[in-house]
Amino acid sequence: DSGVTQTPKHLITATGQRVTLRCSPRSGDLSVYWYQQSLDQGLQFLIQYYNGEERAKGNILERFSAQQFPDLHSELNLSSLELGDSALYFCASSVGVQGEKLFFGSGTQLSVL
Amino acid sequence: GENVEQHPSTLSVQEGDSAVIKCTYSDSASNYFPWYKQELGKGPQLIIDIRSNVGEKKDQRIAVTLNKTAKHFSLHITETQPEDSAVYFCAASTSSGYSTLTFGKGTMLLVSP
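Just so you know, these numbers come straight off a predicted model, no measurement behind them.

Residue and element names in this part refer to chain B. Only one face of strand 3 (residues 19-25) is buried, namely the one carrying Ala-19, Ile-21, Cys-23 and Tyr-25, since none of Val-20, Lys-22 and Thr-24 on the opposite face is buried. In terms of strand pairing, strand 1 (residues 4-7) meets strand 3 through four bridges, oriented antiparallel. Within the sheet, the bridge partner assigned to His-7 lies in strand 3 and is Lys-22. The sheet contact formed by strand 3 and strand 8 (residues 72-77) spans six bridges and is antiparallel. The residue bridging Ala-19 from the neighbouring strand is Ile-77, located in strand 8.

Written out as structure tokens, the structure reads:
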């Protein structure tokens, strides 16, 4: 167990809908990262938050947004969903702001039908 | 941006054999190279990492080597066991800092008893 908790484990929704994925980092970790994993694109970095502030942005679509709350949990919001958004979404956490020694959660499998 | 190529995509070995997975990166400013293991239904787990000022690092049956000149790094697993079967990912930091790890597409390692 990595100590990173992601909910829900599975999510099935329809095109055009909006969903929220939730992540609780390991105790003591201040950074939270969101990654998207698909068969064709592999693991793609989306966004990082450190102690409530956005620190780095990757290939995140404008339809997607995230935030980190004062208790350090994070949410990834995906809106106007398309079929191509179906993927495994991982949250990871680390102690510091540098992306070293990431601990990944078990992921949320999103299926857009 | 950084680009990480990983080979082979699948690797089958007999228990007790050695396995080698190779990665190349494009950004000469990259300075952090972790390897992650992903088992079925789980998130990636860090197994070993190396910095650009070190040429080799070992941890029991696994080792990583780095050739900065050629911009490639490799994972070596000796005395493979069936529980080593998983997908392995290499990654490299981008020149903008450690946070934005770029991952290879992964290698599925199958260890037959």
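From this point, the narrative continues.
Moving on to the side chain of B:Gln6. All names here are of chain B. The topology assignment puts Gln-6 in strand 1. Polar side-chain contacts of Gln-6 include one of 2.6 Å to the backbone oxygen of Tyr-88. Here Thr-107 takes part through its side chain, which lies 3.0 Å from a polar atom of the side chain of Gln-6. Each residue touching Gln-6, except ones within four places of it in the same chain, is listed here: Ile-21, Lys-22, Cys-23, Trp-35, Tyr-88, Phe-89, Cys-90, Gly-104, Lys-105, Gly-106 and Thr-107.

Attention shifts here to the interface of chain B and chain A. Contacts between the two partners involve 17 residues from chain B and, on the opposite side, 20 residues from chain A. Of the roughly 1500 Å² buried at the junction of chain B and chain A (both faces included), carbon and sulfur atoms supply 54%. Taken together, the links from chain B to chain A amount to two salt bridges. Where B:Arg51 meets A:Glu100, a salt bridge forms, and the shortest distance between an N and an O atom there is 2.7 Å. Inspection of the region where chain B meets chain A yields six residue pairs in polar contact (both at pLDDT 80 or more). Listing elements by their share of the side of chain B that touches chain A, those giving two or more residues are strand 4 (32-38), strand 5 (45-51) and strand 10 (97-103) of chain B. By residue number, the principal contributor to the side of chain B that touches chain A is strand 10 of chain B, which donates five residues. Classifying every residue of the side of chain B that touches chain A gives eight nonpolar, five polar and four charged.

Let us look at the environment of B:Gly104. Residue position: B:Gly104 is located in the loop between strand 10 and strand 11 (107-112). Taking the C-alpha atoms as reference points, B:Gly104 and B:Asn3, 101 residues apart in sequence, are found 8.0 Å from one another.

It is worth spelling out the nonpolar core at this point. One finds B:Trp35, B:Phe73, B:Leu75, B:Tyr88 and B:Leu109 to be the most contacted residues of the largest nonpolar core, which totals 24 residues. Only strand 2 (10-14), strand 3, strand 4, strand 5, strand 7 (62-67), strand 8, strand 9 (86-94) and strand 11 of chain B provide two or more residues apiece to this core. Residues within four places of B:Tyr88 in sequence aside, it is in contact with B:Gln6, B:Ile21, B:Tyr36, B:Lys37, B:Ile47, B:Leu75, B:Ile77, B:Gly106, B:Thr107 and B:Leu109. Judged by nonpolar contacts, the second largest core, of 21 residues, contains A:Val19, A:Cys23, A:Phe64 and A:Ala87.

This paragraph deals with the packing of aromatic side chains. Taken as a whole, this structure holds 13 aromatic pairs over all chains when the rule is applied. Measuring from ring centre to ring centre gives 6.1 Å for A:Phe90 and A:Phe104, while their planes differ by 85°; the resulting arrangement is edge-to-face. One end of the pair, A:Phe90, is in strand 9 (residues 87-94); the other, A:Phe104, is in strand 10 (residues 103-104), with 14 residues separating them in the sequence. Relative accessible area serves as the criterion here: at 0%, A:Phe90 is assigned to the buried category. What makes A:Phe104 buried here is its relative accessible area of 3%. Ring centres of B:Tyr25 and B:Phe33 lie 4.7 Å apart, and the angle between their planes is 45°; this geometry places the pair in the tilted category. Judged by relative accessible area, which is 6%, B:Tyr25 ranks as buried. Here a set of aromatic residues connected by ring pairs shows up, and it is made of A:Tyr35, A:Phe45, A:Phe90, A:Phe104, B:Tyr36, B:Phe89 and B:Phe103. Cation over ring: A:Arg26 sits above A:Phe103, and NZ or CZ is 3.6 Å from the ring centre.

The rules behind the values
Residues numbered from 1 in each chain as written. Chains lettered and ligands numbered in written order. Predicted model: local features only at pLDDT ≥ 70, side-chain atom pairs only at ≥ 80, totals over all residues. Heavy atoms only, no water. Buried < 20%, exposed > 50% of the residue type's maximum accessible area, 1.4 Å probe, protein only. Helix = DSSP H or I, 4+ residues; strand = E, 2+ residues; numbered from the N terminus. Pairing = 2+ DSSP bridges. Polar contact = N/O pair within 3.5 Å; in protein donor to acceptor, adjacent residues only side chain to side chain. Contact = heavy atoms within 4.5 Å. Buried area = accessible area lost by both parts, 1.4 Å probe. Salt bridge = Lys/Arg side-chain N within 4 Å of Asp/Glu carboxyl O. Nonpolar A, V, L, I, M, F, W, Y, C, P; charged D, E, K, R; others polar. Core = buried A, V, L, I, M, F, W, Y, C linked by side-chain atoms within 4.5 Å. Phe/Tyr/Trp six-rings, centres within 6.5 Å; stacked < 30°, edge-to-face > 60°. Lys NZ or Arg CZ within 6 Å of the ring centre and 35° of its normal.

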